[in-house]
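Breakdown of the fold
The lines below spell out each chain.
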Amino acid sequence: MSLLAAEGGGGFVAPGLEEFFPAVFLFEGTGFDINRIIMVRILATLVLLLFLWLALRKATLVPGRVQSAVEMGFDFVRKDIAYGMLGKKDGDRFFPLIASIFFGVVALNITGIIPFLNISSNALIGMPLVMALVVYVVMIGAGIKAKGGLGYLKGELFPAGVPKPMYILVTPIEIVSTFVARPVSLTLRLTFNMLVGHLLLVLCFAATQFFFFEVGGISAGFGVLTLIGGFAFTLFEILVAVLQAYIFALLAAAYIQLSVAEDH
């Protein structure tokens, strides 16, 4: 497969990466430009909201299969993530945010294996960055509400039990760890995992097309292997999509817990 010229740039984009530079096809130049990535985000959000509405709009005391599955998902987020990291009181308080993050990340991740969509919008840094900034603002806001502005900064930058001369070393580390590393780690972990998964699928199925339709003959046998590899990576991507949502939500809860905890 040949390299594709980058749109408007005069350079080149590696195979599979051209999908991350899609052309605008709606509302171009209006400030509300919609390209393929934006459309995937909109569709994933609408489908998630529709699915939850249909599953829970007529909730019954004895749930059916779909309602039961959705309730199990919410129960998992509440007990294993929110309560596990924050305790019952703060867990209930921040559960809506943590549940929104978990199910939102799953929905935006899973589009990477859906035919005709074939890409996770979390493989671009924009959406993970927005979600990380939301967590960042909530984390700081929760800490300030729990301890007051000065109390929060003192607890984060001057940890208790550290000899005062050591603050010369510890405080700069805490500044980077708390106010830089946390949002950056949330953003990059999700972005890189979904990007690598997308490129692996592109590589497998592009190789399959190459061996089947361009080389042919005995080399088609290699196409069978790459096709099997593509399906295997597709199943693996389902696991990664859910796992990365769990990790993102878990870290969000952990960072909020560190902000509201008295001593850490």
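Look a little higher up for the structure.
Source: prediction; values computed, not measured. In this convention, every chain numbers its residues from 1, walking through the sequence in written order. Where totals are concerned, whole chains, interfaces and linings use all residues; where local detail is concerned, this predicted model gives features only for residues with pLDDT of at least 70, and gives and counts side-chain atom pairs only at 80 or more. Only heavy atoms go into the side-chain values, all of them from the structure, while hydrogens and water stay out.

Residue placement: Thr-208 occurs in helix 5 (residues 167-215). There is a polar contact of 2.7 Å between the side chain of Thr-208 and the side chain of Thr-226. Whenever two N or O atoms come within 3.5 Å, that pair is a polar contact, provided that in protein one can donate a hydrogen and the other can accept it, and provided that, for residues adjacent in sequence, both atoms are side-chain atoms. Of note is the side chain of Thr-208, whose polar atom sits 3.1 Å from the backbone nitrogen of Leu-227. Setting aside chain neighbours within four positions, we find Thr-208 in contact with Gly-223, Thr-226 and Leu-227. Put simply, DSSP H or I for four residues or longer makes a helix, DSSP E for two residues or longer makes a strand, and each gets a number counted from the N terminus. Between two residues, a contact is recorded if the distance between any of their heavy atoms is within 4.5 Å.

To continue, consider unusual backbone geometry. Phi is positive for Phe-116, close to 75°, though the residue is something other than glycine. For Phe-116, the position within the fold is in the loop between helix 2 (65-110) and helix 3 (126-147).

This paragraph deals with the packing of helix 1 (residues 36-56) against helix 2. Think of two packed helices as two axes; the pair is described by the angle between the axes and how far apart they sit. Axis definition: a line fit to C-alpha positions, over the contact stretch in the case of helices; interaxial angles, taken between N-to-C directions, run 0 to 180 degrees. Relative to each other, helix 1 and helix 2 sit at 80°, their axes nearing to 8 Å. The angle between helix 1 and helix 2 places the two elements in the roughly perpendicular class. Two secondary-structure elements touch here, helix 1 through Arg-41, Ala-44, Leu-48, Phe-51, Leu-52, Ala-55 and Leu-56 and helix 2 through Val-66, Gln-67, Val-70, Glu-71, Phe-74, Phe-103, Gly-104, Ala-107 and Leu-108. Lys, Arg, Asp and Glu make up the charged group, whereas Ala, Val, Leu, Ile, Met, Phe, Trp, Tyr, Cys and Pro make up the nonpolar group; the residues left over, Gly among them, are polar. The residue makeup of the contact of helix 1 with helix 2, split by class, is 12 nonpolar, two polar and two charged. Orientation is classified from the angle alone, with under 35 degrees giving roughly parallel, over 145 giving roughly antiparallel, 65 to 115 giving roughly perpendicular, and any other angle giving oblique.

By themselves, these are just geometric observations and shouldn't be taken as functional.
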